[in-house]
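One letter stands for each residue in the lines below.
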Amino acid sequence: MSGEHIFSNAIFKAGCSCPIIVDGVKRIRGGAPTYGAEKSNILCRHHNSILSPLDNVAGKIASFQAQSNEKEFEENLYIEGELLERWLLKTVINMAAAGWAGSEKWLPSPEIVEAIFGMRDIPNGYGLYSVDGIDPNHRPSGGVSCIPIHLPTPHEVILAGAYVSVHGMPLFASFHDDLAQRLEQGAIPGLLPHFSEDGLKHLYHPGAIVISRKKGKPVFIGLSWNGLLKFADGSTATFPHTGQQSNEST
């Protein structure tokens, strides 16, 4: 077994090298941090290594966020949206399988596992949404937080999705095509003002995620879908292609 990180370790490499502290999850007895609590035996080393490109994308985003704290930084980041989407689903499944999302460990369906490994298309409306606003629990030192979304069914309570925030930037993983709309309509009232005082707003498969900064102009993370980047003026560009860098100046 791999003893893999629930949240990709690459996310924290751009940080202050402080010890990783885990709190507020179900599997930690009494809520106190324990040694190695950020890891769990979910995959074997071979299958964990196959998903390394997903972890690399998360690491690129975290590094970009760290660099964007500098006022002089004026670059933008371009990534494949499908890789970020698969990373997001993997992270939510890791959390659920490790017992972080509730009182019991949850085993994903084969279809979800196949989608994470790129062996099956993710149904339309499922997967990655950007979320307006910022995680209110964001700390200056950085970190990752997660809010699992559970919904009742006639037979059981199911994990329907989850918000995952990377250094304050919230993303939403949905396992239902109408879940984001239901949440925006107040299915969980406490979430409506959680990320923004303007309310809860999601965007499915965003072409870009804009990062506002206290110092300097906004920067953005551009996401390609089906090999295309789409820009605000209506133009498109192929991405990725041979020789193109994933981190480019505007």
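Note: the structure precedes this text.
The rules we used
Residues numbered from 1 in each chain as written. Predicted model: local features only at pLDDT ≥ 70, side-chain atom pairs only at ≥ 80, totals over all residues. Heavy atoms only, no water. Helix = DSSP H or I, 4+ residues; strand = E, 2+ residues; numbered from the N terminus. Expected span 1.5 Å × (residues − 1). Buried < 20%, exposed > 50% of the residue type's maximum accessible area, 1.4 Å probe, protein only. Salt bridge = Lys/Arg side-chain N within 4 Å of Asp/Glu carboxyl O. Pairing = 2+ DSSP bridges. Axes fitted to C-alpha atoms, helices over the stretch in contact; angles between N-to-C directions.

### Overview of helix 3 (residues 81-97)
- A rise of 1.5 Å per residue sets the reference length of helix 3, with its 17 residues, at 24 Å; its end C-alpha atoms lie 24 Å apart and thus fit the reference within 8%.
- Among the 17 residues that make up helix 3, 16 are buried, leaving the element largely enclosed by the rest of the structure.

### A word on the pattern of salt bridges
- A complete count under the given rule lists three salt bridges for this structure.
- For Asp55, the salt bridge is made with Lys90, and the minimal N-O distance between the two is 3.1 Å. Highlighted residues: Asp55 in helix 2 (residues 52-67) and Lys90 in helix 3, separated in sequence by 35 residues. In terms of burial, Asp55 and Lys90 fall into one category: buried.
- The salt bridge involving Arg120 is made with Glu114; its shortest N-O contact spans 2.9 Å.
- The class for Glu114 is partly exposed, based on a relative accessible area of 27%.

### Digging into the sheet that holds strand 5 (residues 144-152)
- Spatially, 5-6-7-4-8 is the arrangement adopted by the five strands of the open sheet, whose pairing is antiparallel. Each edge of the sheet is formed by a strand with only one pairing partner; in this case those strands are strand 5 and strand 8 (202-204). Here the strands of the sheet are splayed against their neighbours by 30° on average, with no regard to which way each runs.

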